[in-house]
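Structural description and commentary
Here are the chains, one letter per residue:
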Amino acid sequence: MMETLTTLGLAMGTAWTSGINLYATVAILGLLEKFGATKLPGDLHMLGENNVIAVAVFLYLIEFFADKIPYLDNVWDALHTFIRVPAGAVIAYGATNQMDPTILYIATLLGGGLALSSHGTKSGVRMGANVTPEPFSNWFLSITEDILAFVGVILAVFFPIVIIIFLVLFLIFFVWFAPKVWVRSKAVFQKAKGIFQKYR
């Protein structure tokens, strides 16, 4: 039972951090596996391969700079809706693919859902921050997200019960926050549409 909870905590926690910063998540997991700090469950041990780590670090460096440029970060986030969310499901699947099929399928679905919730929260907060003319709030948010992704992965690997408790609290927050993101997103799209029509 405890081993199952540990694996699920790692799977759900890293699926959630994938929605914030996928490449940092993969790079940290890979480095922890490669240097023997942990033994990742299921097929996640493959993240410790040199080529996987190299690609993840390279893409993380690109995201590190792209994520700190106002409006470019919105485009980056929009594109990564189709990358982070499926990747969160894949990471959850990889962690649990040697467990009971019922647990495997539930974990995969939850992993994708958690990645979507963290990605949606990140994108919504960034969209609101980019309305302001100064770049400093954007840089602060980006660095905070990087730190959150790093800390989240460490908690998921070494303190999985803690990350499970955190995720429950996050989902409660997300239920409250999601409608506000939707309203803000509609307002931004309407404003963009008005600007586009003005200069047609």
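For the structure, check the block above.
This text gives an overview of the structure that appears in the document. As the structure is a prediction and not an experimental result, all values here were calculated from the model. (Residues numbered from 1 in each chain as written. Predicted model: local features only at pLDDT ≥ 70, side-chain atom pairs only at ≥ 80, totals over all residues. Heavy atoms only, no water.)

This next bit is on a nonpolar patch on the surface. There is a patch of nonpolar side chains on the surface, built from Met1, Met2, Leu5, Ile161, Ile165, Val168, Leu169 and Ile172 and spanning about 820 Å² of accessible area. Secondary-structure elements contributing two or more residues to the nonpolar patch are helix 1 (2-34) and helix 6 (160-198). The biggest single contributor to the nonpolar patch is helix 6, with five residues. (Patch = residues over 30% accessible without salt bridge, like charges linked within 9 Å, V, L, I, M, F, W, Y side chains within 5 Å. Areas by Shrake-Rupley, 256 points an atom, 1.4 Å probe, with all protein chains shown as cover. Salt bridge = Lys/Arg side-chain N within 4 Å of Asp/Glu carboxyl O. Helix = DSSP H or I, 4+ residues; strand = E, 2+ residues; numbered from the N terminus.)

The next subject is the packing of aromatic side chains. Each aromatic ring pair is characterised by the separation of its centres together with the angle its planes make. Following the criterion strictly, the structure yields eight aromatic pairs and no others. On the numbers, 6.1 Å between centres and 55° between planes, the contact of Tyr60 with Phe64 is tilted. Note that Tyr60 and Phe64 are positioned in helix 2 (residues 50-66) at a spacing of four residues, about one turn of the helix. Look at Tyr60 and you get buried, because its relative accessible area is 15%. (Phe/Tyr/Trp six-rings, centres within 6.5 Å; stacked < 30°, edge-to-face > 60°. Buried < 20%, exposed > 50% of the residue type's maximum accessible area, 1.4 Å probe, protein only.)

Let us look at the nonpolar core. Counting residues in hydrophobic clusters, the biggest one holds 33 residues, and the most contacted among them are Met12 and Leu44. Elements with a minimum of two residues in this core: helix 1, helix 2, helix 3 (72-96), helix 4 (101-129), helix 5 (136-158) and helix 6. If you tally residues by element for this core, the top one is helix 1, at 13 residues. (Core = buried A, V, L, I, M, F, W, Y, C linked by side-chain atoms within 4.5 Å.)

At a minimum axis distance of 7 Å, the contact between helix 3 and helix 4 shows a crossing angle of 160°. Relative to helix 4, the element helix 3 is oriented roughly antiparallel. The interaxial crossing formed by helix 3 with helix 4 has right-handed handedness. Across the interface between the two elements, Asp73, Asn74, Asp77, His80, Thr81, Arg84, Val85, Gly88, Ala89, Ala92, Tyr93 and Thr96 of helix 3 pack against Leu104, Ala107, Thr108, Gly111, Gly112, Ala115, Leu116, His119, Lys122, Ser123, Arg126 and Met127 of helix 4. Per-class residue counts for the contact of helix 3 with helix 4 are nine nonpolar, 10 polar and five charged. (Axes fitted to C-alpha atoms, helices over the stretch in contact; angles between N-to-C directions. Parallel < 35°, antiparallel > 145°, perpendicular 65-115°, else oblique. Left-handed = near helix turned anticlockwise from the far one by under 90°. Contact = heavy atoms within 4.5 Å. Nonpolar A, V, L, I, M, F, W, Y, C, P; charged D, E, K, R; others polar.)

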